[in-house]
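Spelled out, the chains give:
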Amino acid sequence: MSEPLLQVHQLSVAVPLGAGLRPQRVLVQGLSFSAEPGQFWCLLGPNGAGKTQLLHTLAGARPSTAGEVHLGGKPLADWPLVEQACWRGLVPQSVHDAFSATVLEVVLQGRHPHLSRWQWEGVSAHALAMAALERVGLGSLADRDVTTLSGGERQRVALATVLTQDPPLLLLDEPLAHLDLTQQQRMLRLLAQEVRERQRCVLMSVHDLSLAQRVATHALLIMAGGRVLAGPVDEVMTQAQLSVAFGHPITLLETQGQRWWLPA
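Overview of the structure. Predicted, not measured: the structure shown is a model, and the values here were computed from it. (Residues numbered from 1 in each chain as written. Predicted model: local features only at pLDDT ≥ 70, side-chain atom pairs only at ≥ 80, totals over all residues. Heavy atoms only, no water.)

What to know about the packing of aromatic side chains
No. 1: The final tally for this structure, using the stated rule, is two aromatic pairs.
No. 2: Each ring, one from Phe33 and one from Trp41, has its centre 5.0 Å from the other, and the planes form 45°; the classification is tilted.
No. 3: For Trp41, a relative accessible area of 2% corresponds to the buried category.
No. 4: Centre to centre, the rings of Trp79 and Trp87 are 5.3 Å apart; their planes meet at 55°, and the pair counts as tilted.
No. 5: With relative accessibility at 28%, the residue Trp87 sits in the partly exposed group.
No. 6: Against the face of Trp79 rests Lys74, its NZ or CZ located 4.1 Å from the ring centre. (Phe/Tyr/Trp six-rings, centres within 6.5 Å; stacked < 30°, edge-to-face > 60°. Buried < 20%, exposed > 50% of the residue type's maximum accessible area, 1.4 Å probe, protein only. Lys NZ or Arg CZ within 6 Å of the ring centre and 35° of its normal.)

This is the structure:
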């Protein structure tokens, strides 16, 4: 059995309620799970439940209040930042571009963790970046100023960047936000292909329960009080548990071999 890419043991995540450090609002409490190569995890929960904070904690971008996160079998804190970036990639909900740059220059940043201090991107890095742009349907925009892109185009550039980074673990915060239906399906097929053929592990937050059901092998569902259900998707995504988590009755519709989650 392969080594889990991500191991989480009794993890707790909290945020201050106000300007001071106390009291705090607990978002996640006592979370334990392992994510392995070839698994597709979807992170589910209502707005404000703590999905972004949890993803950033798993990526090492913010501290936990308790518990441990291991990356590739080693505590996250023991990884130098550059080596962390070779193992895991994080795509945030939105990206602010402070300076003008071409789309290709932005995507090439994904190769920086793999370069030495004085090394420049070579022919192979450019080829990887262009291949990633083609896969997200933006090859023709390689020379475009990234600040002129639409929100959906910029999100696809972020996905191309993390593909160019080429880590085995992808942490994606609402990667389908700002995308139209066609591009949502394209990105889902791309990510599913990465999981199936490259044996990557994807952990992404998503609001559309039906899309999550379609691609996920496993799920994390944030419940009230910081409890998180973790496991195979069919054990976590049930009518009862989704209805409790979202505070509204949710029903399952099965048709044409697909499962659709709808508000009752």
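Observations concerning the side chain of Ser12
No. 1: Along the chain, Ser12 falls in strand 1 (residues 6–16).
No. 2: There is a polar contact of 3.3 Å between the side chain of Ser12 and the backbone nitrogen of Gly30.
No. 3: The contacts of Ser12, once residues within four sequence positions are left out, are Val28, Gln29, Gly30, Ser64, Thr65 and Ala66. (Helix = DSSP H or I, 4+ residues; strand = E, 2+ residues; numbered from the N terminus. Polar contact = N/O pair within 3.5 Å; in protein donor to acceptor, adjacent residues only side chain to side chain. Contact = heavy atoms within 4.5 Å.)

What about the sheet that holds strand 2 (residues 24–35)?
The pairing of strands in a sheet comes from backbone hydrogen bonds and takes either a parallel or an antiparallel form.
No. 1: Pairing in this open sheet of four strands is antiparallel, and the strands run 2-1-4-5 from one edge to the other. Looking at the sheet topology across the chains shown, the edges are occupied by strand 2 and strand 5 (74–75).
No. 2: Sheet topology places strand 1 next to strand 4 (residues 66–71); five bridges connect them, and they run antiparallel. Directly across from Ser12, in strand 4, lies its bridge partner Ala66.
No. 3: Of the strands in this sheet, strand 1, strand 2 and strand 4 touch helix 1 (residues 51–58), which is tilted by about 130° from strand 1. (Pairing = 2+ DSSP bridges. Axes fitted to C-alpha atoms, helices over the stretch in contact; angles between N-to-C directions.)

Observations regarding the environment of Leu149
No. 1: Here Leu149 shows up in the loop between helix 4 (123–135) and helix 5 (151–165).
No. 2: Note on Leu149: relative accessible area 13%, which makes it buried.
No. 3: Placed 88 residues apart in sequence, Leu149 and Ala61 show a C-alpha to C-alpha distance of 26 Å.
No. 4: Among all residues touching Leu149, those that are not within four sequence positions of it are Val103, Leu141, Arg144, Arg154 and Val157.

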